[in-house]
Amino acid sequence: MQVIETFGRYVERLSNTNPDRARTLLKTGWQAQNLKFRCMPDKELLLADQYLAHLMMDTMLKPLKDAANSVLVSVFTPCELMQEVGLSPYNVEAFSCYLSASKAERAFLQTAEDCGISETLCSYHKTFIGAAQKGLLPAPRCIVYTSLACDANLLTFKELAALYQVPCFAIDVPACRSNAKRSYNDRHNLPPSGGEGAIPACRSNAKRSYNDRHNLPPSGGEGAIPACRSNAKRSYNDRHNLPPSGGEGAIPAYQSDADVMYVADQLRDLACFLEEQTGKKIDEESLRGRIARSRRTLENYDRFQKERVDKYIPEDLVSPMYCGMTNNILLGTKEEEEYTRRLLAGLEKAGPARGKRIYWMHTIPFWSQAVKDVFLLKESAQIVGCELAQVANLEHHSDDPYEEMAMRLLYNSLNGSITRRIEAGIRHAKETKADGVIWFNHWGCKHTLGGSQLAKKKFEAAGIPTLILDGDGCDRSHGGEGQTSTRLGAFLEMLNGQAEVKK
């Protein structure tokens, strides 16, 4: 650990006087670590996770080696289009994680705050901004980001585009919203009331029978749909013969066809933008194959999560976070699909499940000694999943590659109401037979902080004990290690006590 602290201090100091030398030192240190991952991997991990460690480090090194052929992206940006024109993903959150792991984050956080960035902004974004302002992190070819999930994106990427003086493309993703808040015409893909093709009101729609509103014979006549109860009082799932919200197969929130086309059209514009930036053409058939590979990758990972329920899989604190990155920014690559194949192969050699199984919501403070003491390669307790690796909803599919990417954004579990995110978390926790859930209140994430009490209520109503844990996934100065240790210990003791009672 002393070596890492010394390395981090040198990176910080050189950034003040000679950013190019600091970058060379950072790259050299990360290359040495990557060599260790390849030649001396952690033998306690699955072979798949050993492979993942150097795959992720390769991804981090590419922008440092060849920034001109990289694109700065937010974590949920579809990167298949970038891969088609030979651009490597250069991700804000991932780089900040690695700077934190190198114990070099504090100086960059302070730099960003000294330049006017709010203390309450997400520390992942602040760390990257500060490192960019210092000149440590090189300028990319261009920037592509989405409005999805993190409101810090709107500030961060505009700030970086101005700093780096590079072209920037933003993808606007409409929030997945409750069906109850959508108009009748919107829900049924009709033009706005009064527009061409709209259904004239004639009298208040609420006062017309269901059969009347849908041009069916009166109730009881041939072809009629029995009234049963007012359609306005029936849920979306009930009206469309779906299971109740939260049940197996349920769709808790909805997007219109117009939303899909709106995002898909932006992605087509993005393809033109990338072709213009690189001078390369995107081959539609190649893109179609890449999107199909993305879907197979996500299906493999979901299968792994479901089949690990009776297996003991040794876990560190970074592999679940790596998955959260690679299952987003590396989707479409052969390497990421190979990782998921290796995961499935690793199940065959895994021993029987033991210890407490914890599903983790949001980022993991991998640097925290208190968290390491409980979860780092421990048989007594393991993190069996992280929500950031399972944000895609595979129920929605299109043969059109642009619509498929659009659906992945629109139906992302972090898009829209906090309830959607919670219900996805409950489903995934149950699939892994988690004994408990930790909802990590990462400092600066308003979506997570604001939804924590509702999350605890809903998880526990579903029979899953839940701990709300405050902290910061990137900035050690928000540590609170003593409190973290006490609360984790008490939570695990409570779970063990419940198991004894059931016996």
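Given the structure is predicted, the values throughout are model-derived calculations rather than measurements. (Residues numbered from 1 in each chain as written. Predicted model: local features only at pLDDT ≥ 70, side-chain atom pairs only at ≥ 80, totals over all residues. Heavy atoms only, no water.)

**Q** Help me out: how do you make sense of the pairing of strand β7 (residues 356-361) in this one?
**A** Moving residue by residue along a regular strand, the side chains alternate between the two faces of the sheet. Most of β7 is tucked away, with 6 of its 6 residues classed as buried. Alternating residues of β7 divide into K356, I358 and W360 and R357, Y359 and M361, and every residue in both groups is buried. Of the pairings in the sheet, the one linking β7 to strand β8 (residues 381-386) comprises 5 bridges and is parallel in character. Residue pairing in the sheet places I358 in a bridge with I383 of β8. Where β7 meets strand β9 (residues 436-442), 4 bridges bridge the pair, whose relative direction is parallel. Following the sheet pairing, Y359 is matched in β9 by V437. (Buried < 20%, exposed > 50% of the residue type's maximum accessible area, 1.4 Å probe, protein only. Helix = DSSP H or I, 4+ residues; strand = E, 2+ residues; numbered from the N terminus. Pairing = 2+ DSSP bridges.)

**Q** Explanation requested: the environment of I383 in the structure shown.
**A** With respect to the helices and strands, I383 occurs in strand β8. Since its relative accessible area comes to 1%, I383 is described here as buried. Taking the C-alpha atoms as reference, I383 lies 8.7 Å from K356; in sequence the two are 27 residues apart. Discounting chain neighbours no more than four positions away, the residues touching I383 are R308, E315, L317, P320, I358, W360, I364 and F375. (Contact = heavy atoms within 4.5 Å.)

**Q** Looking at this structure, I do not really get the pattern of salt bridges. What am I missing?
**A** Opposite charge on two side chains allows them to pair when their charged atoms are near. In the structure shown here, the tally under the stated rule is 25 salt bridges. A salt bridge links R308 to E315; the nearest nitrogen and oxygen atoms lie 3.4 Å apart. Its relative accessible area of 3% is what places R308 among the buried residues. Residue classification places E315 among the buried positions, given a relative accessible area of 7%. Among the ionic contacts, a cluster of salt bridges with common partners joins R293, R296, E337, E338, R341 and R342. (Salt bridge = Lys/Arg side-chain N within 4 Å of Asp/Glu carboxyl O.)

**Q** Would you mind showing me how to read the sheet that holds β8 here?
**A** Strand pairing in a sheet relies on backbone hydrogen bonds, with the paired strands running either antiparallel or parallel. Read from one edge of the open sheet, 4 strands run β8-β7-β9-β10, paired in parallel fashion. Across the chains shown, the open sheet's two edge strands, defined by having one partner strand only, are β8 and β10 (466-471). Each adjacent strand pair in this sheet contributes to an overall mean axis angle of 30°, direction not counted. (Axes fitted to C-alpha atoms, helices over the stretch in contact; angles between N-to-C directions.)

**Q** Help me out: how do you make sense of the sheet that holds strand β1 (residues 70-73) in this one?
**A** An order of β2-β1-β3-β4 is seen for the 4 strands of this open sheet, with the pairing classed as parallel. Here the strands that pair on one side only, and so sit at the sheet edges, are β2 (88-91) and β4 (168-171). Going across the sheet, the axis of each strand differs from the next one's by a mean of 25°, ignoring polarity. Here strand β3 (residues 142-146) runs beside β4; their pairing, made up of 4 bridges, is parallel. Considered in β4, the bridge of V144 is made with F169.

**Q** Can you walk me through the nonpolar core in this structure?
**A** Side chains of nonpolar character tend, in soluble globular proteins, to be buried together. Core analysis: the largest hydrophobic core is formed by 120 residues, its most contacted members being W30, L81, F128, L137 and F375. Counting residues per element, this core draws most heavily on helix α3 (residues 47-65), which supplies 10 residues. Sequence-distant contacts of F128, that is, excluding residues within four places in its chain, are made with L72, Y90, N91, V92, F95, S96, L137, L160 and Y164. Judged by nonpolar contacts, the second largest core, of 13 residues, contains M361, I422, A429 and W439. (Core = buried A, V, L, I, M, F, W, Y, C linked by side-chain atoms within 4.5 Å.)

Purely geometric numbers; function is a separate question.
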